[in-house]
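Summary of structural features
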Amino acid sequence: MDFWIDDIGWPFIKIFIIANVALMMVALLVWAERRVAALIQDRLGPNRVGPLGLLQPVADVIKLFLKEDLTPGHVNRPFFIIAPALTMMPAIISLAVIPFGASLIIADLDIGILFIFAISSLAVYGITIGGWASNSKYSLLGGIRSTAQMISYEICLGLSVIGVFMLSKSLRLQDVVLMQGDGIWLFGEHYTGIMGKILDWNIFKQPIGFILFMIAGFAETNRTPFDLAEAEQELAAGFHTEFSSMKFALYFLGEYAAMISIGAITVTLYLGGWTFFGLENLGGSFSWLTQILIFAVKLLALQFFFIWVRWTIPRFRYDQLMRLGWQVLLPIGLANILLTGVLKLIFKV
Amino acid sequence: MAYKLVERPDLTLAERLYLPAVMKGLSLTLKYFFKRKKFTREYPEEPTTVPEGYRGLPALVTDDEGRTKCVACSMCEWVCPPEAIRIIPGSLEEGNPVEKGPKEFTLDTLRCIFCGLCEEACPEEAIFLTDQYEFCGESREEMIFTMDKLLEIGGTRIKGVKKWKKESDAGFHNKGPIR
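Presented here is an overview of the structure given in this document. (Residues numbered from 1 in each chain as written. Chains lettered and ligands numbered in written order. Predicted model: local features only at pLDDT ≥ 70, side-chain atom pairs only at ≥ 80, totals over all residues.)

The subject of this paragraph is the overall build of chain B. Broken down by element type, chain B carries five helices and five strands. The order of α-helices and β-strands along chain B, N terminus first, is α-α-β-α-β-β-α-β-β-α. Looking at chain B as a whole, 20% of its 179 residues are labelled buried. Sequence separation of 24 or more characterises 71% of the internal contacts of chain B that already satisfy a separation of 6 or more. (Helix = DSSP H or I, 4+ residues; strand = E, 2+ residues; numbered from the N terminus. Buried ≥ 20, exposed ≤ 12 C-beta atoms within 10 Å, placed from the backbone. Contact = placed C-beta atoms within 7 Å.)

All right, on to the pairing of strand E3 (residues 100–108) of chain B then. Residues and elements named next belong to chain B. Alignment of strand E2 (residues 85–91) against E3, held across seven bridges, turns out to be antiparallel. Bridged to isoleucine 88 within E3 is glutamate 104. Note: E3 against strand E5 (residues 144–145), two bridges, orientation antiparallel. Counterpart to leucine 107 in the pairing with E5 is phenylalanine 145. (Pairing = 2+ DSSP bridges.)

Looking now at the sheet that holds E2 of chain B. Residues and elements named next belong to chain B. The three strands lie next to each other as E2-E3-E5, forming an open sheet whose pairing is antiparallel. Two strands close off the open sheet at either side, each with one partner strand: E2 and E5. This element, helix H5 (residues 147–154), spans E3 and E5 of the sheet and lies at about 85° to E3. (Axes fitted to C-alpha atoms, helices over the stretch in contact; angles between N-to-C directions.)

Moving on, we come to the nonpolar core. By size, the foremost hydrophobic cluster in this structure holds 74 residues, and its most contacted members are Val26, Ala216, Tyr256, Ala257 and Ile260 of chain A. No other element matches helix H12 (residues 245–270) of chain A, which puts 15 residues into this core. For tyrosine 256 of chain A, the residues in contact, after removing those within four places along its chain, are Val26, Leu29 and Val30 of chain A. Of all hydrophobic cores here, the second largest spans 24 residues; its members include Val61, Ile87, Cys112 and Cys122 of chain B. (Core = buried A, V, L, I, M, F, W, Y, C linked by C-beta atoms within 7 Å.)

All names here are of chain A. For helix H4 (residues 112–120), the set of buried residues is Gly112, Ile113, Ile116 and Ser120. Projected onto a plane normal to the axis of H4, the buried residues spread over an arc of 90° and lie on a single side. Those residues of H4 that are buried lie in contact with helix H3 (77–94), helix H5 (123–133), helix H6 (137–168), helix H7 (173–179), helix H10 (207–220) and H12. (Arc of directions from axis to C-beta.)

Residue and element names in this part refer to chain A. Note that serine 139 resides in helix H6. C-alpha separation for the pair serine 139 and glutamate 242, spaced 103 residues apart in sequence, amounts to 7.5 Å. What serine 139 contacts, discounting residues up to four positions off in sequence, is Gly131, Ser134, Phe239, Thr241 and Glu242.

End to end, H6 of chain A covers 47 Å across 32 residues, agreeing with the expected 46 Å (1.5 Å per residue, within 8%). Within H6 of chain A, the axis deviates most sharply at isoleucine 162 of chain A, by approximately 25°. (Expected span 1.5 Å × (residues − 1). Bend = angle between axes of the 7 residues up to and from the residue.)

If you want it as structure tokens, here you go:
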């Protein structure tokens, strides 16, 4: 009986809640993206449907459902149909190992981050296969660009987090969270003052790694300044030019879901996850609610940053993108690992 | 020498790092994010104003005594490129200085392209393009405007040609500026 409750029942409930909350957040993000973009450009953005325009995503989804699902005659049908799902899936699966609270984690894997990297690398298949199966020049170019970009930045993404795991001595994401924010160790002494606790966050212990991770994260989610796969000025709509109705919606959803999962990973690895200097124990037996709220606030702040960057920085040229990835970020990532090791020895962390 | 060699400036370390420039850009966009004055005009609540000379809905005008100025000469009907105007002429009762007028005058606003040629062609200055741009309906029939409706929209213009005046009246030849 315990097997059915502990191994089937609870995980299923958690999966249901987390997947649905993630999808709701996607809807919220679509609205936020449009509003923030508008405000940055001195416009108002959608503000008619519901309070502050918050029901705009609902209207959008209804519209997309009612649109004709057009499949061009020249496409490779099986792959054309499966590609949007391949983009959506990895982004949602990544959330399985993210700890949203002390006990709110679907799968507490010992290899948490490796699982995430294994899954998120699959996201490129959805884009590449979609572009290739569409059998049109713009889609194919978008898909190919995306492949090259993902390969280049995947490496940097992997290298940038090694420093974090050198400090936490564990790949379990729950361990990484718990090791942050309880005070910094310097020269064998444990500083538990407020400054010590703040400086214990990985964003301060691994600033270079954090910046690298953010840059690679932008590239992984195909967002400006790395949205070469879409590049509407050059490639019509890039890899999703031929997609319509809910297939397009799935790509759209996948992009924002990837944004949420990258954001959630960043919060977990660098921003202390669901902890906030003791505030996470507030509420007694309902402390899990506080923990989720802390996580959500951090995540939303990060998502705002993602959107903010998108509407600030123009797109890189393709050769600049490649040079940045291989000649700048990769060496810095390697140097960061060495630096972390050396500093770890000096400060006896 | 047909070309000029441009010296590329040496970038400083800060410039090559991109990040300071990125920070600058981010602070700029944040400033606009919090800026209160926006360019958006929330249209139905905040009506737009049209510039002078705007070519909106064509409408018939009446003179100071409420009589239509149109003499049903069919010039506008003839010149209208999309053939939006239809005029059925009729004769007026005896004793009038004017013997002809429109019995029916319809404007198909779905066809009208708001070119203003009818206004230009009219020898009696009886049809004008107004500044009306908000007109819509739920059926095609609703969008075919009748003479009464057009007269109501057009209103009264006293200046210009006065066809109802007798030749002996003062101001008959007054063809000054219309507007």
